[in-house]
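One-letter residues, chain by chain:
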Amino acid sequence: MRFPARRLRRLRKSEGMRRLMNETLITREDLVYPILVQEGLDGRLPVGPMEGIYRISVDLLEDELGEAHDLGIRAVMLSGIPEHKDEVGTSAYAKDGIAQQAVAKARSCRSDMVIMADACLCQYTSTGHCGIYKDGTVDNDLSIPLLGKVAASLARAGVDVVSPSSMMDGQVTAVRAALDREGHQNVAIMAQSAKHMSALYSPFREAAHCTPQFEDRIEYQVPYTNPREAMAEVESDIEEGVDIIMIKPAMMYLDLVSEARRRFTTPVAAYNVSGEYALVRAAHSKGHIDGAKATMEILSCIKRAGADIIITYSAKEAAKMLP
Ligand code: PBG
Ligand code: ZN
């Protein structure tokens, strides 16, 4: 009797064989590095639970981009942290708002990188909600024109890709219309289409001062128990003309990354969020796991699931390790 008919270990017997058989390769070009830019800051401030990650002043952006570029990273996602908040998030769409300043600066110093920017209201509203709070709820239809204004102002500052993250219904339609009205036909929309109500955003919220001041985001973010609802979010963004869809968070949501990849032809991004980064850092610092190895495993598995683009705070670390 032949035993075993198939010996898969033959394919793993040497480094050369293993390389030949490799099915998933992440490249630096797959990665997007998120950068938090804070108004009124002098220098940089560490983000406590995220070792190696800082909020920076606009002045430091050129160096930060230069460092990422030297490592081979070609895309960044900018988020602003403003000094002033109000009920309607005025500084989110101000000409000299912090995100607009950051985008303009990034554009002027780097024509060779893709500049993306998060488009939301929660850092800018006094309520910390992603839209306008009125009569006991976040009012969807009052909020989407403001997201359009945010997107148009970022486009005027020179952004390549806007990433609406408020989970308002119709946000892609509103953003596309606001962009096109001003002739920004070539600014792409990467919607945070299936953004789940997750406990893993808290390091970002702490750093960006965007924690809701009352209630939470359960009325607008997707419940993590509902995969069909997540696909419906993706589908409706595609109907609204989105260019890139996103699943967020990434690590525990790879079934959705994979399903979106199979169902649709639109490019798929996965956002490896702040809490996911913090988990790895915390376990590494306690000596429980090897953070570098875990990071490569996580990013490779996100790619394996079908992500075309990975937004990750580990981008620089990964770029240093990649061959
Ligand atoms: C704001 C926003 C959040 C994140 C990105 N944009 C927080 C939230 O929705 O509460 C989270 C990103 C991260 O955790 O890395 N809409
Ligand atoms: Zn928000």
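Residues numbered from 1 in each chain as written. Chains lettered and ligands numbered in written order. Predicted model: local features only at pLDDT ≥ 70, side-chain atom pairs only at ≥ 80, totals over all residues. Heavy atoms only, no water.

1. Structural notes on the overall build of the protein
Under the convention used in this document: Counting from the N terminus, the helices are the DSSP runs of H or I reaching at least four residues and the strands are the DSSP runs of E reaching at least two. Radius of gyration here is computed from C-alpha atoms only, and the compact-globule reference equals 2.2 Å multiplied by the residue count raised to the power 0.38. Exposure categories follow from relative accessible area, calculated using a 1.4 Å probe and restricted to protein chains: below 20% of the type maximum is buried, above 50% is exposed, and the middle band is partly exposed. Any two residues having at least one pair of non-hydrogen atoms within 4.5 Å are treated as being in contact. Only four residue types enter the charge count: Lys and Arg as positive, Asp and Glu as negative, with His and the chain ends excluded. Charged groups are reduced to one reference atom each: NZ for lysine, CZ for arginine, CG for aspartic acid, CD for glutamic acid.
Along the protein, the regular secondary structure elements total 11 helices and 12 strands. In terms of C-alpha radius of gyration, the protein reaches 20 Å, essentially the compact-globule figure of 20 Å for 323 residues. In terms of overall dimensions, the protein has a C-alpha envelope of 75 × 45 × 40 Å along the principal axes. Buried positions account for 55% of the 323 residues belonging to the protein. In the protein, the proportion of contacts linking residues at least 24 apart, taken out of those at least 6 apart, comes to 75%. Both charge centroids of the protein, one from 38 positive and one from 44 negative side chains, sit 12 Å from each other.

2. Looking at the site of ligand 1
Keep this limit in mind: We define proximity as follows: a residue is near a molecule or strand when any one of its heavy atoms falls within 4 Å of that partner. Polar contacts, as used here, are pairs of N or O atoms within 3.5 Å; protein pairs need one atom able to donate a hydrogen and one able to accept it. Residues neighboring in sequence count only if both atoms are side-chain atoms. Only protein atoms enter the 1 Å grid, on which a cavity is a set of points fitting a 1.4 Å probe that cannot get out and a pocket is an open set with protein on both sides within 12 Å along at least 5 of 7 lines, lining residues being those with an atom within 4 Å of a point. A molecule is said to be in a cavity or pocket once over half of its atoms fall within 2 Å of that pocket's grid points. Residues are sorted three ways: Asp, Glu, Lys and Arg are charged, Ala, Val, Leu, Ile, Met, Phe, Trp, Tyr, Cys and Pro are nonpolar, and all the rest, Gly among them, are polar.
Taken together, 17 residues are adjacent to ligand 1, and Lys-195, Arg-205, Lys-248, Ser-274 and Tyr-313 come closest. In this structure, an oxygen atom belonging to ligand 1 sits 2.5 Å away from a side-chain N or O atom of Arg-205. Mapping ligand 1 onto the cavity grids shows that it belongs to the largest cavity. Along the lines of polarity and charge, the residues of the shell around ligand 1 split into 9 nonpolar, 3 polar and 5 charged.

3. Some details on the coordination of the zinc ion (ligand 2)
Here is the rule: The rule for donors is simple: N, O or S, within 2.8 Å of the metal, or within 3.2 Å if the metal is Na, K or Ca. Water isn't counted, so a site may look like it is missing partners. Each label reflects the angles at the metal, where four donors whose angles all fall between 85 and 135 degrees are tetrahedral, four or six donors whose opposite pairs open beyond 155 degrees and whose other angles stay between 65 and 115 are square planar or octahedral respectively, and the rest are irregular.
All of the protein donors around the zinc ion (ligand 2) are Cys-120 (SG), Cys-122 (SG) and Cys-130 (SG); their distances to the metal are 2.2 to 2.3 Å. One can describe the site at the zinc ion (ligand 2) as tetrahedral: its 4 donor atoms subtend angles covering 97 to 121° at the metal. All donors of the zinc ion (ligand 2) belong to a single chain; written as a sequence motif, their spacing is C-x1-C-x7-C. Taking the relative accessible area as the measure of exposure, Cys-122 reaches 5% and is therefore buried.

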